Amino acid sequence: MVNELKLSNNRRDAIATSIHQTVQAFSDKLPCQVNGRCLYYAGLGMDVCTFVYQKVSDDETLYYSVQGGTISVRVASDPKDASRGINFGAIDPSFQTGSYHCWIVGLCREN
């Protein structure tokens, strides 16, 4: 399925910049329960993207959602070399300790 509701680069850049500036401006007031700020970027990004896409498309059933899960980042060129990288495994107790990654998923449609 092709996404026909693509935002222009200018609009996408404006959204990304405003979300980044907002999270940075309030970073000292955010709870320390999570490692990193992906939860805040994804949550705010979800709300802003949903609002913008609903306005652009004039369709209030379109929305974005936040997902959380595992991410592995490896700096070694050998995929079997796990010594140089980081892994956030989204299994208990990882969610309780804030060791997971969040991202935005969309476009979704209400049924």
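The text that follows walks through the structure, step by step, so that each part is easy to find.

What follows covers the overall build of the protein. When you go through the protein residue by residue, the secondary structure sums to three helices and four strands. Taken from N to C terminus, the helices and strands of the protein fall in the order α-α-β-β-β-α-β. Burial status across the protein gives 23% buried among its 111 residues. Restricting to contacts in the protein with at least 6 residues of sequence separation, those with at least 24 account for 58%. Counting only carbon and sulfur atoms, one obtains 53% of the accessible surface of the protein, whose full area is about 7,900 Å².

Moving on, we get to the packing of helix α1 (residues 9-25) against helix α2 (residues 38-57). Contact pair α1 / α2: the axes reach a minimum separation of 10 Å and the direction vectors enclose 145°. In this structure, the crossing between α1 and α2 has a hand that is right-handed. Residues R11, I15, I19, H20, T22, V23 and Q24 of α1 form the contact with α2, whose own contacting residues are Y40, Y41, L44, G45, V48, C49, V52 and V56. Per-class residue counts for the contact of α1 with α2 are 10 nonpolar, four polar and one charged.

Take the nonpolar core next. Ranked by size, the top nonpolar core spans eight residues in total: I15, I19, V23, Y40, C49, V52, Y53 and Y64. For this core, the secondary-structure elements that each account for two or more residues are α1 and α2. Broken down by element, this core gets its largest block of residues, four residues, from α2. Ignoring anything within four residues of it in the chain, the contact list for I19 reads Y41, L44, G45 and V48.

Rules of the game
- Residues numbered from 1 in each chain as written.
- Predicted model: local features only at pLDDT ≥ 70, side-chain atom pairs only at ≥ 80, totals over all residues.
- Heavy atoms only, no water.
- Helix = DSSP H or I, 4+ residues; strand = E, 2+ residues; numbered from the N terminus.
- Buried < 20%, exposed > 50% of the residue type's maximum accessible area, 1.4 Å probe, protein only.
- Contact = heavy atoms within 4.5 Å.
- Areas by Shrake-Rupley, 256 points an atom, 1.4 Å probe, with all protein chains shown as cover.
- Axes fitted to C-alpha atoms, helices over the stretch in contact; angles between N-to-C directions.
- Left-handed = near helix turned anticlockwise from the far one by under 90°.
- Nonpolar A, V, L, I, M, F, W, Y, C, P; charged D, E, K, R; others polar.
- Core = buried A, V, L, I, M, F, W, Y, C linked by side-chain atoms within 4.5 Å.

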